[in-house]
Amino acid sequence: FKLRFNICLHQAIENLRKQGRRVVLVGDLNIALRREDSCDPDMSDDFDASPSRVWLSALLNDQLLQDVFRAFHPLAQQVSHRPCARVFL
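Here the structure is a predicted model, which means the values were calculated and not measured. (Residues numbered from 1 in each chain as written. Predicted model: local features only at pLDDT ≥ 70, side-chain atom pairs only at ≥ 80, totals over all residues. Heavy atoms only, no water.)

Undergrad: I'd like a rundown of the confidence of the model for the chain, residues and numbers included.
TA: Per-residue confidence for the chain averages 79 on the pLDDT scale, and 79% of its residues sit at or above 70. When the elements of the chain are averaged for pLDDT, strand 2 (residues 87-88) gives the smallest value, 50, and helix 1 (residues 2-18) the largest, 91. (pLDDT = per-residue confidence, 0-100. Helix = DSSP H or I, 4+ residues; strand = E, 2+ residues; numbered from the N terminus.)

Now the structure itself:
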């Protein structure tokens, strides 16, 4: 279910961008994109191969979105378990 939602979200963003709209994606997608973002970064060898992480990486690259939290805090570690907001512009 979640991956289908992610694919629909990706398509919706793509459609808005094709219309010339600017898109700001805000919310908790519950995906730790990088090991540094996970509260358990050493949990598996195939961490980066997770379908959700592959999808989010593609979304960021395809739509030229940026993880604003990472832009301002590139060295932050294990931020997923702390109260914080992430914005993709």
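Undergrad: Any chance you could break down the packing of helix 1 against helix 2 (residues 51-62) for me, citing the residues and the numbers?
TA: Two quantities define a packed helix pair, namely the angle between the axes and the distance from one axis to the other. Packing of helix 1 against helix 2 leaves a shortest axis separation of 10 Å and a crossing angle of 5°. It follows that helix 1 is roughly parallel to helix 2 by the angle criterion. Contact with helix 1, carried on its side by K2, L3, N6, I7, L9, H10 and I13, involves P51, S52, W55, A58, L59 and D62 of helix 2 and no other residues of that element. Tallied by class, the residues present in the contact of helix 1 with helix 2 amount to eight nonpolar, three polar and two charged. (Axes fitted to C-alpha atoms, helices over the stretch in contact; angles between N-to-C directions. Parallel < 35°, antiparallel > 145°, perpendicular 65-115°, else oblique. Contact = heavy atoms within 4.5 Å. Nonpolar A, V, L, I, M, F, W, Y, C, P; charged D, E, K, R; others polar.)

Undergrad: So what's going on with the pattern of salt bridges? Which residues, and what values?
TA: One pass over the full model with this rule turns up one salt bridge. For the salt bridge of E14 with K18, the shortest nitrogen-to-oxygen distance reads 3.3 Å. Taken together, the residues span about one helical turn, with E14 and K18 both in helix 1 at a distance of four residues. For K18, a relative accessible area of 64% puts it in the exposed group. (Salt bridge = Lys/Arg side-chain N within 4 Å of Asp/Glu carboxyl O. Buried < 20%, exposed > 50% of the residue type's maximum accessible area, 1.4 Å probe, protein only.)

Undergrad: Explain unusual backbone geometry to me, and be specific about the residues and the numbers.
TA: Glycine aside, negative phi is the norm for most residues, and most peptide bonds take the trans geometry. Although it is not a glycine, N30 sits at a positive phi angle of roughly 60°. Summarising the element assignment, N30 is placed in the loop between strand 1 (25-26) and helix 2.

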